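Here is how the chains run, residue by residue.
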Amino acid sequence: MTPHAVETLLAWGLPRLRDLPWRNTRDRWAVLVSEVMAQQTQVARVIPKWKQFMHEYPTPQACADAPLSDLLRLWSGLGYPRRCKNLHDTAKQIVERHDGVVPGDLDLLQALPGVGPYTARAVLAFADSIDVAVVDTNVARVLARLSGRALTARESQIAADKLLPAGRAWEWNQVVMDFGAEVCASRAPKCDQCPVHDACGWHDGDAPAQTSALTSKPQARFDGSDRQARGRLLRMLSERGVPRSEVRDVMGVDSARAARLLDSLVRDGLVVVDGDWCRLP
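First, a word on what this report is: a plain description of the structure on this page.

About the cut-offs
Residues numbered from 1 in each chain as written. Predicted model: local features only at pLDDT ≥ 70, side-chain atom pairs only at ≥ 80, totals over all residues. Heavy atoms only, no water. Axes fitted to C-alpha atoms, helices over the stretch in contact; angles between N-to-C directions. Helix = DSSP H or I, 4+ residues; strand = E, 2+ residues; numbered from the N terminus. Parallel < 35°, antiparallel > 145°, perpendicular 65-115°, else oblique. Left-handed = near helix turned anticlockwise from the far one by under 90°. Contact = heavy atoms within 4.5 Å. Nonpolar A, V, L, I, M, F, W, Y, C, P; charged D, E, K, R; others polar. Buried < 20%, exposed > 50% of the residue type's maximum accessible area, 1.4 Å probe, protein only. Arc of directions from axis to C-beta. Phe/Tyr/Trp six-rings, centres within 6.5 Å; stacked < 30°, edge-to-face > 60°.

## Comments concerning the packing of helix 3 (residues 43-56) against helix 5 (residues 68-75)
Where helix 3 contacts helix 5, the two axes come as close as 10 Å, and the packing angle between them is 155°. Between helix 3 and helix 5, the crossing angle belongs to the class labelled roughly antiparallel. Our pair here, helix 3 against helix 5, has a crossing hand that is right-handed. Judged by residue contacts, K49, Q52, F53 and E56 of helix 3 engage L71, L74 and W75 from helix 5. Taken together, the residues of the contact of helix 3 with helix 5 break down into four nonpolar, one polar and two charged.

Have a look at this one:
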């Protein structure tokens, strides 16, 4: 993509940016929470939860001081509760090691529980407008199609870094992410609406996007999955304690599978077993 195409996409995308509440803040904690919540979760489901979370836990200190059980109750419905546990652990580390302030350093951010290269770069770009390129599944797909070939994770990051216009990190990253979500979508891309169609290397089939690292892959069926069974127990535990004898029925699985999944929840730090009773931490 040429510098002209970059400017074309910026000019096209900025007026079309989605109105997301976390785009109105430059607070690192608020941005971090939004990024953790949005992992593998639809934005429409994240918005009300993010607003509630930021109201109740506006700082890392407030989050660190809260029982994990309270956070898990709020998190219910977002899925992937280990993200909630990681965020709670992250808040504790920020308080203990960084005086309660989310660090503004890439390496220090990536040292926090559950914070990977994308999330760390997103905090720097969206909170501090630091010139770093973020590569989520949407961006990786756009880069693969523009390149006309599958890319490794390293190649995607290098390509994103090269495209980043100096001093425009916030704007550019938001535009490319929205462009990938709304136009250069994984299914039924709207090529007739693409402002940089002439710069695209994808013309026949979708092998580049399907096989590139970091792009989204089809998820396993949710109905009947371990994720569904674990989620059923966590939702019940957000309301009351559950006797071990009822875990199988709450999960809706056989006894052996229930025991295995309960053990996994305990190992993940999401459930505590006291004698014959299960509860949230």
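From this point, the discussion proceeds with the structure in view.
## Some points on helix 10 (residues 153-163)
When helix 10 is considered as a whole, its buried residues turn out to be S156, Q157, A159, A160 and L163. Taken down its axis, helix 10 places every buried residue within 165° of arc, on the same side. Those residues of helix 10 that are exposed and angled more than 90 degrees off the buried face are R154 and K162. Of the surrounding elements, those touching the buried residues of helix 10 are helix 1 (3-13), helix 8 (117-128), helix 9 (137-147) and helix 11 (169-182).

## Section: the packing of aromatic side chains
Inspection of the entire model under this criterion finds four aromatic pairs. With centroids separated by 5.8 Å and ring planes inclined at 90°, the aromatic side chains of W12 and F179 adopt a geometry described as edge-to-face. In this pair, W12 sits in helix 1 while F179 sits in helix 11, placing the two residues 167 residues apart along the sequence. Across the pair, exposure class does not vary: W12 and F179 are buried alike. Taking the centre distance of 5.6 Å and the plane angle of 75° together, the rings of W22 and W50 count as edge-to-face. Within this pair, whereas W22 is found in the loop between helix 1 and helix 2 (28-38), its partner W50 is found in helix 3, the two being separated by 28 residues in sequence. The residues W22 and W50 share a single accessibility class, namely buried. Ring pairing ties together the aromatic residues W29, F53 and Y57, which thus form one cluster.

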